[in-house]
Amino acid sequence: MSKIYYKSLEEIELIRESSLLVSKTLAEVAKVIQPGVTTKKLDQLAETFIKDHGAIPAFLNYNGFPYSLCISPNEQVVHGFPSDYVIQEGDLISVDCGVIKNNYFGDSAYTFSIGEVSAEKKKLVEVTQECLRLAVEKAVVGSRIGDIGFAVQDLAEKNGFGVVRELVGHGVGVKLHEKPEVPNYGKRGSGIKLEEGMVIAIEPMINAGTAGVKFWSDGWTVTSSDNRPSAHFEHTVAVKKGKADVLSTFSLIEEVLIEKK
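Reading the values: rules and limits
Residues numbered from 1 in each chain as written. Predicted model: local features only at pLDDT ≥ 70, side-chain atom pairs only at ≥ 80, totals over all residues. Heavy atoms only, no water. UniProt positions renumbered as here; feature names shortened; annotations may be inferred. Helix = DSSP H or I, 4+ residues; strand = E, 2+ residues; numbered from the N terminus. Contact = heavy atoms within 4.5 Å. Buried < 20%, exposed > 50% of the residue type's maximum accessible area, 1.4 Å probe, protein only. Polar contact = N/O pair within 3.5 Å; in protein donor to acceptor, adjacent residues only side chain to side chain.

Participant: Can you lay out the UniProt feature "binding site: a divalent metal cation 1" (unreviewed entry) in the protein chain for me, pointing to particular residues and giving the numbers?
Facilitator: The UniProt feature table records "binding site: a divalent metal cation 1" (unreviewed entry) at D96, D107 and E234. Judged by maximum C-alpha separation, these annotated positions cover 139 residues in sequence but sit close together in space, the widest gap being only 8.0 Å. Residue position: D96 is located in strand β4 (residues 92–101). D96 has contacts with F59, L69, C70, D107, S108, A109, E203, H232 and E234, leaving out every residue within four places of it along the chain. Relative to the helices and strands, D107 is located in strand β5 (residues 104–113).

This is the structure we're talking about:
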């Protein structure tokens with residue numbers, strides 16, 4: 001899909017339905033994520049939950065990816081394989097999920113702090129989530145792609161963090177990855193103009209140290225090049241006049257996390 005696919009209001013509602021199922025799946029993950037649990041168990045739970053709700057895990061077998069979730073602990077940036085890795089107190093665990101429901105895609109990611117995390121990890125998570133919030137504010141008619149990237153880059157770098165450049169956000173809805181690309185860096189006023197009907201996945205990937213990354217030989221896993229922690233938050237967002245329409249939500253996840261405390 002080389003050109004941008006503009007969605008109708010009806011299509012946006014179907015994408016919202018898919019995106020909310022992603023959010024519900026991540027809330028199910030939130031219920032069980034804790035020290036002693038393997039990341040593979042989280043993947044199995046998510047796959048079952050998605051299928052039980054009449055949907056298909058969007059990542060499973062996507063370009064050969066063998067799991068339903070991307071689960072990336074600590075220094076892993078994105079696309080980590082669920083495995084026998086046992087979650088530890090103090091970990092950051094980034095969980096990325098996508099679903100296909102009624103032929104439309106939703107996509108969202110959340111970085112979980114396991115128990116008491118270091119001051120560096122705590123700040124990284126807070127700043128990355130704030131980067132996403134500021135970027136979403138720019139997803140309105142008349143803004144440009146560069147305004148979104150600038151919002152992320154400016155806050156992250158002011159806090160001494162590195163903005164990953166090799167991986168970017170993207171259009172989403174009819175396919176998992178569509179045009180346009182949505183980088184997490186950029187200049188204000190640059191890039192294509194945002195218009196009604198665009199649906200984009202905005203997903204800051206921020207490293208505690210250098211912006212550089214390493215690609216593993218498995219063809220998927222990406223880690224920070226200095227092995228310092230990374231965080232990743234993502235929403236599916238419909239571009240609107242005045243205020244962006246966020247189709248996924250973190251509130252379901254955060255309600256679970258508050259209850260667990």
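Participant: Before we move on, can you summarise the UniProt feature "binding site: substrate" (unreviewed entry) in the protein chain with the specific residues and values?
Facilitator: Within the UniProt annotation, "binding site: substrate" (unreviewed entry) is assigned to H79 and H177. Annotated residues spanning 99 residues; largest pairwise C-alpha distance 14.4 Å, indicating a single compact cluster. Its location among the elements puts H79 in the loop between β3 (76–78) and β4. Accessibility expressed as a relative area gives 23% for H79, which makes it partly exposed. Mapping H177 onto the fold places it in the loop between β7 (169–171) and β8 (178–182). Excluding residues that lie within four positions of it along the chain, H177 makes contacts with Y62, H170 and G171. Only 2.8 Å separates the side chain of H177 from the side chain of Y62, close enough to count as a polar contact.

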